[in-house]
Structure formats: C-alpha cells, structure tokens
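Analysis of the macromolecular model
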Amino acid sequence: AVTSRIVKPKATGEILGDASEAALLRYCESIYPVDRIRKLYARSFDQPFNSTNKYALCVVDPPGNEAPGKQYIFLKGAPEVVVERCSTWLCAGQNQAIDEDFKSKFLQAYERFAMAGERVLGFAKLVIDKMPADQMTAANVPSSGFMFLGLASLMDPPKDGVDKAVDECHHAGIRVFMVTGDHALTAEAIAHKVHIITKPTRLDLAHERGCAVEDIDPHDPEIKAIVIAGHELRQLDEAQWGALLDHDQIVFARTTPQQKLEIVERLQKRGEVVAVTGDGVNDAPALKAADIGVAMGNPNASDVARDAADIIILDDDFCSIVSAIREGRLLFDNLKKSVVYTLTHLVPEMVPVFLNIILLFPLGLSSLLILTIDLGSELVPAISLAYELPENAIMSRAPRNIKTDRMVTWQVLCHSYLFAGVVESLFSILAFFCVFWTNGVALADLCFPDSKLYFSGSDAPVMHSNGRDFSADEQSKILSVSNSAVYANIILCQMFHIWFCRTRATSVTQHPLFSNKLTLMAMPWELGFIAIFCFIPEMEVVFISGLGLPVEFWCLSLGFLGWVTLHTECLKFFARRYMAGRKSFLGKLAW
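Presented here is a report on the structure given in the accompanying data block. Remember, it's a predicted structure, so these values are computed and weren't measured experimentally. (Residues numbered from 1 in each chain as written. Predicted model: local features only at pLDDT ≥ 70, side-chain atom pairs only at ≥ 80, totals over all residues. Heavy atoms only, no water.)

Quick word on the overall build of the chain
Assigned secondary structure in the chain consists of 23 helices and 15 strands. The C-alpha atoms of the chain give 37 Å as radius of gyration, which overshoots the globular expectation for 591 residues (25 Å, by more than 25%). Seen along its three principal axes, the alpha-carbon backbone of the chain occupies a region of about 125 × 55 × 35 Å. Burial status across the chain gives 46% buried among its 591 residues. Restricting the contact set of the chain to residue pairs at least 6 apart, pairs at least 24 apart contribute 65%. With the model as given, the accessible surface of the chain reaches about 29,600 Å², and the carbon-plus-sulfur share is 60%. With 54 positive and 68 negative side-chain charges, the chain shows a separation of 5 Å between the mean positions of the two kinds. (Helix = DSSP H or I, 4+ residues; strand = E, 2+ residues; numbered from the N terminus. Rg over C-alpha atoms; globule rule 2.2 N^0.38 Å. Buried < 20%, exposed > 50% of the residue type's maximum accessible area, 1.4 Å probe, protein only. Contact = heavy atoms within 4.5 Å. Areas by Shrake-Rupley, 256 points an atom, 1.4 Å probe, with all protein chains shown as cover. Lys, Arg positive; Asp, Glu negative; His and termini not counted. Charge placed at Lys NZ, Arg CZ, Asp CG, Glu CD.)

Below you can see the structure in the form of structure tokens.
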C-alpha cells in the first residue's frame, strides 16, 4: 500500500489505476487504513515500475521514534528479480540468511501460484541511513542487500466469452499470440484458459511423461505450442525466429517493449497482417508499428497507448475485436457483391452499341435508356447488397491475401463480364432480333444495310425486306419495341442476377431469402422502370421506347435465370470445397 501509485476518489470510492495495484490496495485496506499508513510513512523518493528493471521501489521516512536517523526502502516486483536483490528473508519476525533450502521452497511456491494462472509479486525491505534529499537518485539508492518479506498472489480471471472469441479466431484462420510481461508459467496457464494454447507445450509433455521440463528436447516434434521467455528471444538467430513464428500457437512471456516491437516487425516481414492490442505505455511502440493498433478502452489505459493506436475498443472487451473482424469481412464481401452485380449490366449495354458501330445494326438501346439503367433502375439493387446479412461460413474461411484478393479480381471480372455479362447480352440481343423477325424484317437486311438512314426517324427511307416495304413510321415503331425488349431483358436479367449475388459461397437456398428488405423493395423499383419506359407511349419520342412489349419477349430472360442458377450454384459448390482444402480450378474461379 505504501508503494501503490493509484488513487481512490472520496466521492465515488472507485479505485483508479493498475488492476494489480488496486487488488493490493483493497487487501491492505481490509487490514489497516491505507490513508493512515501513507501519512505515517511519508515518501521521500520513489522509482516506478518499468519493464526493464521489473520492479518498483520507494523510500519512506518511518514515523516518530520507530527508527531515528533511518529510512526504509520498500521493493515490489517480479519475484525472481526481487529475490535476487535480497540476502536475507523474514521468518517468524527473525532475519535469516537466504540459503538453498529457502530458494527451493521459494521456487516451489512461486511456480505453484504461477501455474494456477495467478499473477505473483515479490516484496522486500531494506533499512538504510537517512539520505539527504539532494542525493536521493535512482543511482544512489541501494538495490541489493534487501530482506525478502514474502509473495502475494493475485487472481485476474479472463473475462467471460474470451475463450469462445479466441476459438472463433482460430476457426477463421487467425493466429492469436500472447505477448506479456508475466512469468512464463502464469502466461501459459492463462493461455490455456482462454484457448490461445490448445496444443501440447513443452511443460505439458513434461507432466505427461513425468519428468522435468529441462529433460524435454525443445525441438521435440510433439511440441505444437510454444511458450518462450524474453531472455530466450535474445538468443535466437534468423533461422530460429523463422521456425518459431511458423507455429500457430505462441506465448511470449517476460517481454520488453523492444521485444514486442521486434515480434511485430518480424511478423510483418513474413507478409503477415498484424493487429496488436494493449493499454499500457509499454505497448505503445508495438501498437504504433502494427498494421492495426487496438487500444483497450478501460479507464486505466494510458493516453500514450490510445494515441499510438488506430482503434480504441470502448467496452474493453476482446470479443469486440472478433465482432469487428466479422463486420470487416461482411463489409468487404458486400462491397464485392455490389461490384459484381453492377459490372454485369455494362456488357449488355455495350453490345448493342458495338453492333451498331461495327455491323451497322440499328441501335438496340438508346443512350438515354442506358442512363436510366445506370442512374435509376440499378441504384437501389446495388445499394441493397450493402445491407446483406453475413454468410454462415464468413468466419470459417482463412483471411484474404491482401496482395491478391482485392475488391476487383480477375475472378470478379470473369464472372461479371464473361459468365454473366455475355450471357445476359445474348438473351437481350436475342430479344432485339426477335422483335424484327416477328415483324417480318430479315435479319440479313439489318447487317450492313443498303442505307445507313434506315430506322433513323421520320426521314428514314422506305426499307425493302422479305418482299415488304417498311415506311419510316413502321421502322420507328419496330425500333421502339426492340429497344424496349433489350431494356426490359437487361433489367429482368439483373433482377434474377441479384439473388445469386447475395452470397459468395453459400447456396442461395441456404441463405435467408427475405432477410434483406431493401433487395425486396428493389424488385418493384426495377419493374417500375420497365412500366414507365416500355409502356408509356410518350416515351417514344425521347427514349425510343414506350410502345409496349409482347409477353413472349419477357420470357427470354428466363433462359438467363436457368444459366445463372446452374453456373453460380456450381461455382459456389466448388468454392465451399476449395475453402475446405479441396483445391480445384472451378473452386478458384469463384469470386
């Protein structure tokens, strides 16, 4: 309690500061009022805890005549560090020399607490002659010859749900490492509790075989999870670092801020995307260097860590990070779905223009009708995909490769332009040709016609085809109906296509059909555009459409429905197998 650097506001009684310090303060408060102790033992000097020394000390003046001309130095920190600075220990009020028997019992007690996942602190005291205030510096304060007072074991159980969140990370192909300043045994025990370690470690093998840890070869092939301390990291060469980071489950214990930073940098050199969580000053370098620095938002988190981080988790819950990963994957998926859907309709829009320019066919889709598709009918469906629910397997696939799995990949372009776009174009152009054929115009007469002025409006010359003459008015009506056929088929094909764009790997039959209300609203929205621009006669003058459309031309889009069902469901089937490890070319084609 004397060395504690935390405060307890009188108004609320809430303890602000490090969790370990708060636990010690509560324990001391239950024995004797801490405020009274602090008044009796006034501080003259203190040295805060740091990750290099791994201890904190303070110099206090004893009250009254307790020890005239003397001062006390209290030491608190990592037990193995504290005991190294002690030459004696307190036993039943007596000062006894530290011997091998004491060291053995100390180690047994320390390991027993640590293996239970408890945080252990050591305490020591030294009586010195009173030092002048101007000479009291870290270099002048003695750091050896202390009397060991004892150990304190603190329970800091993991929050509920952390183990499930870590399991979900593993299931999603995300490696979760623990990097901590705690003792290796404490860190390993906690890692087991939260499922960061689920495979056998060197200690597990020692227990299983009934031998000492030192008797287990560190390179034993049965060791699948690694627990390594900071002092061991200093001895690793490049090859050993590579072998270490190949493991899926690693716990780094007793690490310094420099070592945390080195771990991040070495992972990044391997092409890994690294996210680091932390809340202390010592975490700041690693948070800054990481691809994603995540500061925990507890009240005791340091401002330095928050400034260095990219994200602050306000509820201080690791489960929120997993939720963020799920939301991030969903966001990327939904944007990709919207891109796939939007790109597809560009092909059937361009094909009529190319036929008009290259083969001199009548223009099958006017520029204004193209604009009504791009800026009207396609807006609501494309936006609706942003609100799609996650697929069942969204947290079952491995993280994407940021170098190759971009928003727009060759698979996306193949599907949008080739497999869906071209087929959509075929049915739209088929509808275009059918209009001319059913009206008695030979298709051969449309390709490189005798006059470029055919179907050009009221000034178009009379056209001869199949033994008939078609006046300018008849040509305009046929062209308006053909434009309506292409327009309606593009929109209808897209109406069918969107249902298969709602998932990337899950079958459309396994995804909730009516979960996205905006997609449902998009259906009447698109049909409204067909009704306006295909069935209102006034649209003929401006949009070259609006003279109605026989029902048989609507049915052509059903052919696209059959094709897109067969194609996408087959690709999604192979995509699921591909994610399960069964590689195939068709699985790789899935976007």
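Describing the state of the cysteines
The final tally for this structure, using the stated rule, is zero disulfides. Summary of cysteine pairing: C555 is not part of a disulfide, and the nearest cysteine sulfur, belonging to C434, is at 11 Å. For C555, a relative accessible area of 43% translates into the label partly exposed. C501 provides the cysteine sulfur closest to C570, a residue in no disulfide bond, and the two sulfurs are 16 Å apart. (Disulfide = S-S within 2.5 Å.)

Description of the packing of aromatic side chains
Counting across every chain of the model gives 17 aromatic pairs. Between the aromatic rings of F432 and F433, the centroid separation amounts to 5.6 Å while the plane-to-plane angle is 50°, which identifies the pairing as tilted. Members of the aromatic cluster, each reached through a chain of ring pairs, are W89, F102, F106, Y110 and F148. In this structure, K125 packs its charged tip against the face of Y72, placed 4.1 Å from the ring centre. Note that R400 overlies the ring of F332, its terminal NZ or CZ placed 4.2 Å from the centroid. (Phe/Tyr/Trp six-rings, centres within 6.5 Å; stacked < 30°, edge-to-face > 60°. Lys NZ or Arg CZ within 6 Å of the ring centre and 35° of its normal.)

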